[in-house]
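Coordinates in review
Each chain, written out:
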Amino acid sequence: MSYLKIDHVDKRFQRGTATTEVLKDINLVIGKGEYVSVIGHSGCGKSTLLNIIAGLTPVSAGAVLLEGKEVNSPGPERAVVFQNHSLLPWLTVYDNVALAVNKVFGRQKSKAERHDWIMHNLDLVQMGHAKDKRPAEISGGMKQRVGIARGLAMEPKILLLDEPFGALDALTRAHLQDSIMQIHAALGNTMIMITHDVDEAVLLSDRIVMMTNGPSARIGEVLDVRLERPRKRLDLVADRTYIAAREAVLKFLYERHRFVEAA
Ligand SMILES: Nc1ncnc2c1ncn2[C@@H]1O[C@H](COP(=O)(O)OP(=O)(O)O)[C@@H](O)[C@H]1O
Ligand SMILES: [Mg+2]
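Report follows, based on the coordinates. Because the structure is predicted, anything quoted here is derived from the model rather than measured.

This next bit is on the pairing of strand β9 (residues 207-211). Of all the five residues making up β9, five are buried; the element is thus mostly covered by neighbouring parts of the structure. By the alternation rule, side chains of β9 split into Arg-207, Val-209 and Met-211 and Ile-208 and Met-210, which are all buried. Relative to β9, strand β3 (residues 35-39) runs parallel, the two being bridged by four bridges. When the sheet's bridge partners are listed, Val-36 is paired in β9 with Arg-207. Taken together, the five bridges between β9 and strand β10 (residues 219-224) define a ladder with antiparallel strand orientation. Its bridge partner being in β10, Val-209 is matched across the sheet by Val-222.

Moving on to the site of ligand 1. Lining the immediate surroundings of ligand 1 are Phe-13, Arg-15, Val-22, His-41, Ser-42, Gly-43, Cys-44, Gly-45, Lys-46, Ser-47 and Thr-48. Between ligand 1 and Lys-46, the relevant distance is 2.8 Å, taken from an oxygen atom to a main-chain nitrogen or oxygen of the residue. Ser-47 places a polar side-chain atom, nitrogen or oxygen, 2.9 Å from an oxygen atom of ligand 1. Relative to its unbound accessible area of 560 Å², ligand 1 is 60% covered by the protein chains. Of all the elements in the fold, those that place two or more residues in the shell around ligand 1 are β1 (4-15) and α1 (46-54). The leading source of residues in the shell around ligand 1 is α1, at three residues. A per-class count over the shell around ligand 1 returns three nonpolar, six polar and two charged.

Membership of the largest hydrophobic core comes to 50 residues, with the highest contact counts inside it found for Leu-122, Ile-148, Leu-161 and Ile-208. The dominant element in this core, judged by the number of residues it contributes, is helix α2 (residues 93-105), at six residues. Two domains each put at least three residues into this core: domain 1 (1-77 + 157-263) and domain 2 (87-155).

Before going further, it helps to examine the packing of aromatic side chains. Summed over the entire model, instances satisfying the criterion amount to one aromatic pair. Here Phe-105 and Trp-117 contribute two aromatic rings whose centre-to-centre distance is 6.4 Å and whose plane-to-plane angle is 85°, an arrangement assigned as edge-to-face. A residue pair is termed long-range when its members are at least 10 positions apart, and Phe-105 in helix α2 and Trp-117 in helix α3 (residues 111-124) qualify at 12 residues. As far as the burial class goes, Phe-105 and Trp-117 line up, both buried.

Once that is clear, we can look at the side chain of Asn-96. Its location among the elements puts Asn-96 in helix α2. With relative accessibility at 1%, the residue Asn-96 sits in the buried group. Beyond its immediate chain neighbours, meaning those up to four positions away, Asn-96 contacts Leu-87, Leu-88, Leu-91, Pro-135 and Arg-150.

What counts, and at which threshold
Residues numbered from 1 in each chain as written. Chains lettered and ligands numbered in written order. Predicted model: local features only at pLDDT ≥ 70, side-chain atom pairs only at ≥ 80, totals over all residues. Heavy atoms only, no water. Buried < 20%, exposed > 50% of the residue type's maximum accessible area, 1.4 Å probe, protein only. Helix = DSSP H or I, 4+ residues; strand = E, 2+ residues; numbered from the N terminus. Pairing = 2+ DSSP bridges. Near = heavy atom within 4 Å. Polar contact = N/O pair within 3.5 Å; in protein donor to acceptor, adjacent residues only side chain to side chain. Areas by Shrake-Rupley, 256 points an atom, 1.4 Å probe, with all protein chains shown as cover. Nonpolar A, V, L, I, M, F, W, Y, C, P; charged D, E, K, R; others polar. Core = buried A, V, L, I, M, F, W, Y, C linked by side-chain atoms within 4.5 Å. Domains from an automatic or database assignment. Phe/Tyr/Trp six-rings, centres within 6.5 Å; stacked < 30°, edge-to-face > 60°. Contact = heavy atoms within 4.5 Å.

Below, the structure written as structure tokens:
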């Protein structure tokens, strides 16, 4: 079913008289509840694509449609979690989430309901205990948890994640991956995640969208990850489907579309 449709999207950036074509003819249909990862080498245009879906960056051609309606500005039904925890440093964990909740549900929910909803989302990412802390007092992994809680608290149709675990150490990253899998299982929401980590993409995704190198990056291949859920990372190490999926992505990235560093 077509829930989100990316329809013949091109993106060009103009700098003075020079034009760079970053994305060329991107077509993708995502179903409700799907977990889709976008993987590709650095600079190919992954964040640009996510920002287009978020409505933060306008397209040069084509369109993005959510439930048949064109998306061309930001909205709470498409919440974004960025790599660099974008929490407001002067607000507590609670108030960072409250800001989003009040904005989206200020009129619909009573004060008590909003409080319960804020706590519900903080508990979902296991951050209820740190509600009164400020961002400077918590770890990077905890900040990302709060960022995810803030995104989820907007009750978005789609949660957009731009390398959400990219800045974290391996163990913290694994914990957060497990949390996001649990949340996805519990809520059944649609998630689009950018990553450059092959294992992360295979572990979390229903489908992996592989992008070619830029300029004029396209979708090279889309891989279905046919692994049962719930997925357990330890069980997958020796799973043939897992190994095959991993190999397919690695081959795409390191044989067919090798990264060539710009001079
Ligand atoms: N606002 C902008 N103006 C001009 N060029 C941009 C802008 N944003 C991104 N780019 C260029 O688009 C390309 C893709 O960037 P990006 O989407 O951030 O890649 P990725 O997330 O895959 O690493 C890069 O070459 C980058 O320099
Ligand atoms: Mg990026």
